[in-house]
Amino acid sequence: MQAEVLFSLAAIGVAGILCQWLAWVVRLPAILFLLLAGIIAGPVSGWLKPDVLFAELLFPVVSLSVAIILFEGSLTLKLDEIRGLGRVVRNLLTLGALITWSVTAAGTHYLLGFDFKLALLFGAVIVVTGPTVIMPMLRTVRPNANIASILRWEGIVIDPLGALLAVLVFDFIVATQGAPVFTNALIIFARILAVGLATGAISALALGYVLRHRLIPEYLRNVFSLTLVAAVFVCADLLAHESGLLAVTIMGMVLANMKDTDISDTLDFKESLSLLLISGLFIILAARIEIDQLVLLGWPALFVLLLVMFIARPLAVFLSAIGSDLSFKEKCLLSWISPRGIVAAAVAAIFAFRLEQAGQQEAALLVPLTFMIIIGTVVFQSATAKVVAGWLDVREPAPTGFLIIGAGHVARAIARALQENHFKVILTDSHWENTRQARMDGLDCYYGNPISEHADVHLDLSGIGNMLALSGRTHFDALACIRFATEFGVSNIYKLTASSENHIADKHRISDRHSGQALFGTTATYGRLADWLRHGAEIKSTQLSDAFSFNDYLYNYRERCTPLFGLDSKHRLHIFTDTGNIEPEPGWVILGLICPEDMPGDWRGLSSLPPA
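Right, let's walk through the structure included here. (Residues numbered from 1 in each chain as written. Predicted model: local features only at pLDDT ≥ 70, side-chain atom pairs only at ≥ 80, totals over all residues. Heavy atoms only, no water.)

Next up on the list: the overall build of the chain. Along the backbone of the chain there are 23 helices and 10 strands. Here the chain, with 612 residues, has 55% of them falling under the buried criterion. Restricting to contacts in the chain with at least 6 residues of sequence separation, those with at least 24 account for 76%. Counting every atom, the chain has about 26,500 Å² of accessible surface; 62% of that belongs to carbon and sulfur. (Helix = DSSP H or I, 4+ residues; strand = E, 2+ residues; numbered from the N terminus. Buried < 20%, exposed > 50% of the residue type's maximum accessible area, 1.4 Å probe, protein only. Contact = heavy atoms within 4.5 Å. Areas by Shrake-Rupley, 256 points an atom, 1.4 Å probe, with all protein chains shown as cover.)

Written as structure tokens, this is what we have:
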């Protein structure tokens, strides 16, 4: 028996990671593969039976996992960012959420005959979308910047807000259940709110004080935070039953908005832990779906799905967009993309279980109904959004922009040249001074690690189709090349050789297959380009013609020039690499790094591109 339990736990973990990896490869939401894995392991094959495997520990474990997921989500909810959002996003988070909640609740009540309070809870659960579902879809669909920005921010912010709404509705249901009079129910609800708010806020202030004054060593920060989240969840529940989820959500929100408190490493740790929990949790919850329950829901459940997709969402979008600059076609695509994710599934599962324990047997239908909405929105919208976007003519053209790793002197000079020629450019750097200088130069820059979980959610790659690794840090650039090879394709990954790479033995050198194509010639290195720029070199454009060929260009500048890019007559960009397979023709524009004529000869001789 013990061996079977260990095998089942290991299998769930392996299946979850494989599903995440497969989703990364094919650029689809991981929830699709996690859902399929859970259904195959559970109701189809009968191999995975979570209630038998975990017994009485199942829902305590699920509850604690949901608490950690909600805490991690609320850590991303910064009030300053909400104030800075566009009017459409703010309206979607307020008026739009209210419309989705009310329409879904009414439809569930009248179409399925749910108790009105239970219908209100289901409506609150369905408000939640989530970035883990939205972001892979945006990369595939490639909507224009307006749509991508709105959907991205809505998905990030509505996750914790929607979960908080669901927690409050659930707390109200619990408070009013079995209360002799309505006044008593309100007192119970007020107690749950007070305990949740107070416990969450006080614990956040305490944790912030500990982190800010470094009262615990670095290696204990994450473990301490995680333990405190679990303790706050349990203590709040003991003080006022069902206030734990509210407490940890408030705790994360307060901590996220606390000044002079660095939570970046805590957030990174929680993101990794949440990814593991989400993967395992979704397989376990999907394995508990009973086919009989889906059949019992019948056709009215399908009508609820259609109501959510074709009435609630369009109504929310069009009313939220009143007075905005969005076109009718943009509003239509916004109305079409609203997939539900793991938070909806997890919250529905834990609330359904607790309501069943309280005597509401109808609550058992919450889970299959939620999964039906998830399956319908994710599968149907993932399969059709790209076609719909093309039909509406709101897709970005083929991605020609550049993600540049690094924002140092070399990266900024190259980024400016690309931007001046109307190519979208995003720089990334973890050094604030580089980021600040890039933004002062008018360049779009992501402050953070481009290969972090945070970047997967917040780094908007719409319109980006190429990557230039220009940080000058060998191993970091190689990691970036590996990370984005699947995103953009190996042929669109480029790396500038670091100066140190020319002086190390082959056994210490990173394999070429992990490094991308070598930029700008065999002897071009980050250090030498930086030296040229420091001594006054500039990136200049030169028009080729029948009278002035590329060979003439190379002869004219000789060792004072390094060709970087070539723009053909159709404004297509060609990147010079060590392969020398570009043959510029008359009509092309060559972007080259040109050093002054009075530059010391010791700094010349950089270019080694073969002549065209």
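Moving on, there is more to tell.
For Arg214, which is not glycine, the phi torsion reads 50° and is therefore positive. Turning to its location among the elements, Arg214 is positioned in the loop between helix H10 (182–212) and helix H11 (218–239). Under the relative-accessibility criterion, Arg214 is labelled exposed at 59%. Positioned with a positive phi, Asp393 is a non-glycine residue whose angle comes to about 60°. Structurally, Asp393 can be placed in the loop between helix H17 (366–392) and strand S1 (401–405). Owing to a relative accessible area of 64%, Asp393 belongs among the exposed residues under this scheme.

Take the sheet that holds strand S10 (residues 589–594) next. Strand order in the open sheet formed by 4 strands is S7-S10-S8-S9, and the pairing between neighbours is antiparallel. Two strands close off the open sheet at either side, each with one partner strand: strand S7 (538–543) and strand S9 (573–575). In this sheet, neighbouring strand axes are inclined to one another by 30° on average, regardless of whether the strands run parallel or antiparallel. Inspection of the sheet shows strand S8 (residues 561–567) paired to S9 by 3 bridges, in the antiparallel sense. Looking across to S9, one finds that Leu567 is bridged to Leu573. Taken strand by strand, helix H18 (residues 409–420) contacts S7, S8 and S9, and its axis lies near 30° from that of S7. (Pairing = 2+ DSSP bridges. Axes fitted to C-alpha atoms, helices over the stretch in contact; angles between N-to-C directions.)

Turning our eyes to something else, we now look at the nonpolar core. In this structure, Leu121, Phe282, Phe351 and Phe371 are the most contacted members of the largest nonpolar core, which totals 127 residues. The element best represented in this core is helix H9 (residues 145–176), accounting for 13 residues. In contact with Phe371, not counting residues within four places along its chain, are Leu35, Phe282, Leu285, Ala286, Ile289 and Ala345. Within the second largest apolar cluster, 37 residues are counted, among which are Ala407, Val425, Leu427 and Tyr526. (Core = buried A, V, L, I, M, F, W, Y, C linked by side-chain atoms within 4.5 Å.)

A separate point is the sheet that holds strand S5 (residues 493–495). With respect to topology, 6 strands assemble into an open sheet ordered S3-S2-S1-S4-S5-S6, the strand pairing being parallel. At either margin of the open sheet sits one strand with a lone partner, and together these are strand S3 (444–447) and strand S6 (517–518). Relative to S6, S5 is paired through 2 bridges, and the arrangement is parallel. Residue pairing for S6: Lys495 is matched across the bridge by Ala518. Sitting on the sheet, H18 touches S1, strand S2 (425–429) and strand S4 (464–469), and the angle it makes with S2 is about 165°. Taken strand by strand, helix H19 (residues 432–440) contacts S2 and S3, and its axis lies near 160° from that of S3.

Judged by side-chain polarity, Leu95, Leu111, Trp299, Leu302, Phe303, Leu306, Phe310, Ile311, Leu315, Leu319, Ile322 and Phe380 come together as a nonpolar surface patch covering roughly 1,100 Å² of accessible area. With respect to the element layout, Leu306 can be found in helix H14 (residues 291–320). (Patch = residues over 30% accessible without salt bridge, like charges linked within 9 Å, V, L, I, M, F, W, Y side chains within 5 Å. Salt bridge = Lys/Arg side-chain N within 4 Å of Asp/Glu carboxyl O.)

Bringing the packing of H11 against helix H12 (residues 244–256) into the picture now. Packing of H11 against H12 leaves a shortest axis separation of 7 Å and a crossing angle of 140°. It follows that H11 is oblique to H12 by the angle criterion. H11 and H12 meet at a crossing whose hand is right-handed. Of the residues in H12, those touching H11 at Leu228, Val229, Val232, Phe233, Ala236 and Asp237 are Gly244, Leu245, Ala247, Val248 and Met251. Of the residues belonging to the contact of H11 with H12, the class tally is 9 nonpolar, 1 polar and 1 charged. (Parallel < 35°, antiparallel > 145°, perpendicular 65-115°, else oblique. Left-handed = near helix turned anticlockwise from the far one by under 90°. Nonpolar A, V, L, I, M, F, W, Y, C, P; charged D, E, K, R; others polar.)

What follows concerns the environment of Val347. If you trace the backbone, Val347 turns up in helix H16 (residues 342–357). Look past the residues within four positions of Val347 in its chain and what remains in contact with it is Val66, Val125 and Ala166.

Time to look at the packing of helix H6 (residues 87–112) against helix H7 (residues 116–126). At their nearest, the axes of H6 and H7 sit 8 Å apart, and the two run at 135° to each other. Relative to H7, H6 is oriented oblique. In this structure, H6 meets H7 at a crossing whose hand is right-handed. Seen from H6, the contacting residues are Thr100, Trp101, Thr104, Ala105, Thr108 and His109; seen from H7, they are Phe116, Ala119, Leu120, Phe122, Gly123, Ala124 and Ile126. Tallied by class, the residues present in the contact of H6 with H7 amount to 8 nonpolar, 5 polar and no charged.

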